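Now for the letters of each chain:
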Amino acid sequence: MAGTRGTDHSFEPFARHEFYRETNTDLVDSALNFLERLDPNVQRRIVDLGCGTGAITRLVLAKVQRLGLKAQILGIDPSPLALDKARQSVTSAMVRFLNGSAENVSQLVSSADALFFCNAIHLIEDKHAVFKEIGKALNPGGVVAFNTTFFDGAYLPITEKANRLWVVRAVQKMRREYPNVKIVKDAKTTAMRWLSPDQYSALLQENGFAVTHLECRQVEMTQESLEDISDYSLFIEGVLPSVPLDVGAEVLKHGIREAVKELKLTTVPRYWLQVVAEKV
């Protein structure tokens, strides 16, 4: 079996890149600046939905500490393995981690002042139902903040070309070296649909939110960062469904190396959608 640098195929290596920290820190700042106007003696509740190993939770905690606020921060994720890693990396008494999903978040938490759902909204099939759930979990005037690089409009022309070549070279390597491994698209993969910024805005409005910040930010993805995302389980499953994770990681890393070399790229640009909305 092919070897990979990260045996658990987690998101953590990708989350360590500077552009990731900067982009998500800016989203956290945009979403939580309103807390400065509120009574600092009242404890606030903030949710990191789809928290994974705690990358965004750490940013939220840092922001709350900079503001000198009282807060309860709840990280929620469906993966027990990711939650174990999150508990090891974030040990503040302000933070608790719970097992759960976006589809049942209002059953786990209520009266939240802010909820983050970072780098995962594209994985949700019924986004309307999830925004409705988020609305139930938030106080009136509470904010939801989310972002994604998987949306209609995320690609520049060179991005599309690089991504297409990336997958082609990965599949070619897989067919050469793992001829018995097959790609089998399941119903979830086939049904996944990327929304445009306007469609996200409309969905939020339908569910009782007013958009206060929407930005399509261009980010330069380094080869190293794209190799790191190639090792992430959900990315592998999305690009090469049914392929064993170790095989998928190996061939996708090969694919991006070949793509950037053939296209003579130092980075691959991509837009990152950042949205903040207030419950009205």
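Criteria and thresholds
- Residues numbered from 1 in each chain as written.
- Predicted model: local features only at pLDDT ≥ 70, side-chain atom pairs only at ≥ 80, totals over all residues.
- Heavy atoms only, no water.
- Core = buried A, V, L, I, M, F, W, Y, C linked by side-chain atoms within 4.5 Å.
- Buried < 20%, exposed > 50% of the residue type's maximum accessible area, 1.4 Å probe, protein only.
- Helix = DSSP H or I, 4+ residues; strand = E, 2+ residues; numbered from the N terminus.
- Contact = heavy atoms within 4.5 Å.
- Salt bridge = Lys/Arg side-chain N within 4 Å of Asp/Glu carboxyl O.
- pLDDT = per-residue confidence, 0-100.

*Asks:* Break down the nonpolar core for me, citing the residues and quoting the values.
*Replies:* Core analysis: the biggest nonpolar cluster contains 59 residues, and Y20, V60 and F116 have the highest contact counts within it. Top element by residues in this core is helix α12 (residues 245-262). It accounts for seven residues. Beyond its immediate sequence surroundings of up to four residues, F116 is in contact with L27, V28, A31, L32, I46, V47, D48, L49, V60 and A145. In this structure, V47, V130, A137 and F209 belong to the second largest nonpolar core, which totals 31 residues.

*Asks:* Kindly report on the pattern of salt bridges, identifying the contributing residues and their values.
*Replies:* Pairing is possible between side chains of opposite charge, provided their charged atoms come close. Here the structure, examined in full by the defined rule, presents 14 salt bridges. A salt bridge links E262 to R169; the shortest N-O distance between them is 2.7 Å. Taken as a pair, E262 in helix α12 and R169 in helix α7 (residues 157-177) lie far apart in primary sequence, 93 residues in all. Residue K261 is joined to E258 by a salt bridge in which the shortest nitrogen-to-oxygen separation is 3.4 Å. With K261 and E258 both in helix α12 and three residues apart, this pair spans about one turn of that helix. Here K261 falls in the exposed class, since its relative accessible area comes to 56%. Connected through shared salt-bridge partners, D26, E215 and R217 make up one network.

*Asks:* Describe the confidence of the model for the chain, with residues and values.
*Replies:* Considering every residue of the chain, the mean pLDDT works out to 93; 95% of them sit at 70 or more. Per-residue pLDDT, averaged within each element of the chain, yields its smallest value for helix α8 (residues 187-191) (51) and its largest for α12 (98). Here residues 1-6 scores under 50 on pLDDT; set against residues more than four positions off or in separate chains, the count is 16 contacts.

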